[in-house]
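Understanding the architecture of this molecule
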Amino acid sequence: MPFMSAYPTVRVSLLFLAIAIGCAFFADLSITAANPWKDLGNFFLGLVTPDFFSYQGLATALLRTVAFAFVGVALGSVFGFLLALAFKWTAVRVFCSVIRSVHELFWALIFLQFFGFHPLTGVLAIAIPYCGIFAKVYSEILDEVDPEPSRALPRGTGVVSSYLYARIPQCWEQIKTYTAYRLECGLRSSAVLGFVGLPTLGFYLESSFAQGLYSEAGAMLILFYLLIATIPLWLRRQTLPFYLAAAPFCLGDGFPIVWGNVSRFFTEDIIPAPLRQGDGWAGLADWFADIAVTEALPGIWNTLLLTQMALVLTGLITLLVFPLISRQFGNRPTRVGGHVFLVILRSTPEYMLAYILLQIWGPSMLPAVVALALHNGGIIGHLVGRQSSSIGLRPDAARGLSRYGFEIVPRVYRSFLALLFYRWEIIMRETAILGILGIHTLGFFVDSAIQNIQFDRALILIGVTALLNIGIDKLSRFIRGRLALQTLPTC
Amino acid sequence: MSVIELSNLSASFGGRRVLGPLSLTVADGERVALVGRSGAGKSTLLKLAWQQCGSDIALVPQDLGLVPALPVFHNVYMGRLNQRSSWYNALSLVRPFKKDRAEVCEVLQALAISDKQWVPLASLSGGQRQRVAIGRAIYQGASALIADEPVSALDGPMANRVMELLSERFRSALIALHDVDLALRYCNRIVGISDGVIALDEPSNRLSTADILPLY
Amino acid sequence: MLQLMVRRALLALALAFSSVSASMADTFVFTAIPDEDETKLIERFQGVADYLAEQLGVDVRYVPVKSYAAAVTAFRNNQVQLAWFGGLSGVQARRLVPGSEALAQGQEDEAFETYFIAHSSTGLEEAETLSDDVRNRTFTFGSKGSTSGRLMPEFYLRERFDAAPEEVFSRVGFSGNHTRTLRLVEAGTFEVGALNFQVWEKELADGTIDTDSVKIIWRTPTYPDYQWTVRGDVDERFGEGFKERVQQALLELDDPELLASFPRTRFIPASNDDYEPIRAVAEQIGVLD
């Protein structure tokens, strides 16, 4: 296509496609299960024959899931907001990018080591990374506010009053919309925390899946979808204060915090073993070299392979699914079906989806790639589909495939790319975490270190993961800048 | 004693000088009308004046500086944010105090929009918004005013009524006006700006409409 | 408005946390490594909790955890005081909690074994030594922290092939627990696996193994495994002689149904030194520093 390659966006897309195909040669993508389709069939059978009464703790698990999400997101948004006000300081920006580059599950694994099964573990695991994300997005929203009203204020107006009257009201709607969106993400995060032992939905979902009780698992998934799909019905301005006040009481009784464990964690556990054992700096160098060669480098390599493949497959899935909900294609019933399908895709946390597919297809990178692509493709497909609906076409515009290829895709392609690059870092963060499920990305080595009670190693590897995420974030920003792609922060 | 004192002021935009050098002093009790063609540098001059003057002064910028998401009351109340504690202001945002409600209502009555006190700003017409911005300036209770075309969207009788009100409430003022009659009637000094410099500076009782028109 | 809500929420948060801490103080809590299906574990250990509560006269609670490390960490953090550990997790836990002691083990745990099993499609048969034909097949351990599902099989694999498992097999997985290892090999997801022989024998007796698709190909030599381990400071917290009473209660446990759920014939006394061989192997493989 000599003509199309004149566009930088097309060139970048082809480059990424080539990289992903290259990655596929190095990656292990086989299906190892003997009867993968039979198992998949059983799973869907479970979904259509849900068993809502097998486990009486289900209601409690749902309550905990909601409570952890509420408290975590509320704390995250309050502190995120305060940090957003100070976002002009480099130190604050760096701090925020560090805390948000560490995934919720890693935070949970860290806090589990010293808070144990105390509710604070789950609350902080959500609140901390969310705080970093909120700070960034809130500050972006605040920056776009019309500055004139604050200039017209009388001299000597305090900073707080000035923000309260002249800035925040202008972007309040946007802040609200974004916070509500993050609450939905918080519900997903909260559910997934169950996989490492917190008393949320994931805890029971993991048990049911591990035992092949698909009807039980199906019931939990259906309830979770309902919970998310009905957010607009039960989350109202009037009821919000009630939820916020009640949520902390619904976190469940964990175990008391033993503060000695906290100081032990910071003064002993995370001190590199050679220093603790008095092997000195030479020992430390060997120790670092060992981690780098046996864990960090293979982990980074696999994380990058998986991320690049998942990113491109996400793009392809987006382009496939967005017409399902676009007004430019199909009719009302097909669009309703499309919406339901996309809601299911984006409500299923990639971690859960990967777990399900791993159980069914056996361990390789394939389930992870597919899970990441389906979830993220669902999210971006929803946004692109919505945007494509608002395009006004001339009455005699082509229909069907020609309309798709000539009228719609060229018009949404830039924002599609912008959204895809925006999610690059998110995909990488998830890729790393999927290692806990047994794929050899960085999370696998973090999990191994924690299983061996070597928190010093775990922390080094989490740090490596964070740096990789920050690097990808910078690269994505650079590419978006070069291609002049703009995104709304609310995606 | 002077309220505004600008000396050797100049401003450039994109390497091109748009204002100055000029000096201008507004004494206490003086109400100065800035007249001149649009693009002559009046708005720039007012902006710089606002940046350099003290705290006892109110501002009505050309784009009004209102917050569309808040109701009329709060937009007016903002005139006194600097006189109250942050807590008081925060509470007023949720539930305004009775005393403030009465005071704001009085200002709005004078501007003939007291029925709009709780209406979201977004639903007001251009002229009504302009009066809200003026209300904010009046409510501030400062002795001096800087205003950029404050009555441009008001019809004749309303413009007169508002200008009258402004002269009652502010001892001193620096107001950009394109309506020459209003300038002569409600200001006691006329300063004409042309190509960024002062082309005319006379007490208004020595001038007639015809003297000013060449500036346009 | 926002600020007010936040203050309210923070206050409530503080209240909720403080009320929790008081109620849990005097409960004797124990956990177990999640080496089998969770439903089975909860059934089994709820029975143990009821039995211990009756014998000891204190509130006893069992908490399920999601990983071997979580069991060790909860024990280390004094959020549980007693645990049913595997050989390796017990060694890890006792190293981390000075003063803690192995109290009792099952009679079978003195001489525990790992079975290597294979899917029938491999054509592998049981032999005296592990067949060379397992090379380049897919293989799954149990949990990363398991003794019979990971540590000992890895030790014998290294001994047999003088290479790391990743070099012997085309793919190495960690199924998570023994039941799942069995299911995955049975289903052919992995061709070969290694698991706790007691889990195999119990599932076989229950008739839940499809013996046409999966069979044993090698049995390891014996080694010490599971044991009950208690923290050293329980006497301070629950009264003088509490540790002995816990040990006594475990040794006297004779409810056949409860014992069958483990499955163990009975519990016998154990000591920290019994697990010295496990520690040596773990250090050799690099699982312990």
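Residues numbered from 1 in each chain as written. Chains lettered and ligands numbered in written order. Predicted model: local features only at pLDDT ≥ 70, side-chain atom pairs only at ≥ 80, totals over all residues.

Let's shift gears to the domain arrangement of chain A. Residue and element names in this part refer to chain A. Along its sequence, chain A is organised into domain 1 (1-30 + 272-491) and domain 2 (51-269). A separation of 22 Å is found between the C-alpha centroids of domain 1 and domain 2. At the interface, 24 residues of domain 1 touch 28 residues of domain 2. Here the element with the most residues in the side of domain 1 that touches domain 2 is helix H22 (residues 455-482); it accounts for six residues. A breakdown of the residues in the side of domain 1 that touches domain 2 according to their chemical character gives 17 nonpolar, four polar and three charged. (Domains from an automatic or database assignment. Contact = placed C-beta atoms within 7 Å. Helix = DSSP H or I, 4+ residues; strand = E, 2+ residues; numbered from the N terminus. Nonpolar A, V, L, I, M, F, W, Y, C, P; charged D, E, K, R; others polar.)

Moving on, we get to the domain arrangement of chain B. All names here are of chain B. Per the domain assignment, the segments making up chain B are domain 1 (1-56 + 144-216) and domain 2 (66-141). Every contact between the two is made by eight residues of domain 1 and, on the other side, nine residues of domain 2. For the side of domain 1 that touches domain 2, the leading source of residues is helix H6 (residues 156-169), giving three residues. Partitioning the side of domain 1 that touches domain 2 into residue classes produces seven nonpolar, no polar and one charged.

Our focus in this paragraph is the nonpolar core. Grouped together as the largest cluster of nonpolar side chains are 226 residues, with contacts concentrated most on A:Ala108, A:Met309, A:Ala354, A:Val369, A:Leu461, C:Ala71 and C:Ala83. When residues of this core are assigned to their parent elements, the largest contribution, 15 residues, is made by helix H3 (residues 58-85) of chain A. When neighbours within four sequence positions are excluded, A:Leu461 is seen to be in contact with A:Glu295, A:Ala296, A:Gly299, A:Leu442, A:Phe445, A:Val446 and A:Ala449. With 72 residues, the next largest nonpolar core counts B:Met78, B:Tyr139, B:Leu177 and B:Tyr186 among its residues. (Core = buried A, V, L, I, M, F, W, Y, C linked by C-beta atoms within 7 Å. Buried ≥ 20, exposed ≤ 12 C-beta atoms within 10 Å, placed from the backbone.)

Quick look at helix H15 (residues 280-321) of chain A now. The end-to-end C-alpha distance of H15(A), which contains 42 residues, comes to 57 Å, matching closely the 62 Å that a straight helix rising 1.5 Å per residue would cover. Along its length, H15(A) shows its largest kink, about 45 degrees, at A:Ala292. (Expected span 1.5 Å × (residues − 1). Bend = angle between axes of the 7 residues up to and from the residue.)

On to the sheet that holds strand E8 (residues 192-196) of chain C. Residue and element names in this part refer to chain C. Taken together, five strands build an open sheet; the order of strands is E7-E6-E8-E5-E9 and the sheet is mixed. Here the strands that pair on one side only, and so sit at the sheet edges, are strand E7 (171-174) and strand E9 (214-219). With direction set aside, neighbouring strand axes in the sheet form an average angle of 30 degrees. The sheet contacts of helix H5 (residues 147-161) involve strand E5 (114-119), strand E6 (138-141) and E8, and relative to E8 the element is tilted by about 115 degrees. Strand contacts of helix H7 (residues 178-187): E5, E6, E8 and E9, with the helix running at about 155 degrees to E8, the strand carrying the most contacts. (Pairing = 2+ DSSP bridges. Axes fitted to C-alpha atoms, helices over the stretch in contact; angles between N-to-C directions.)

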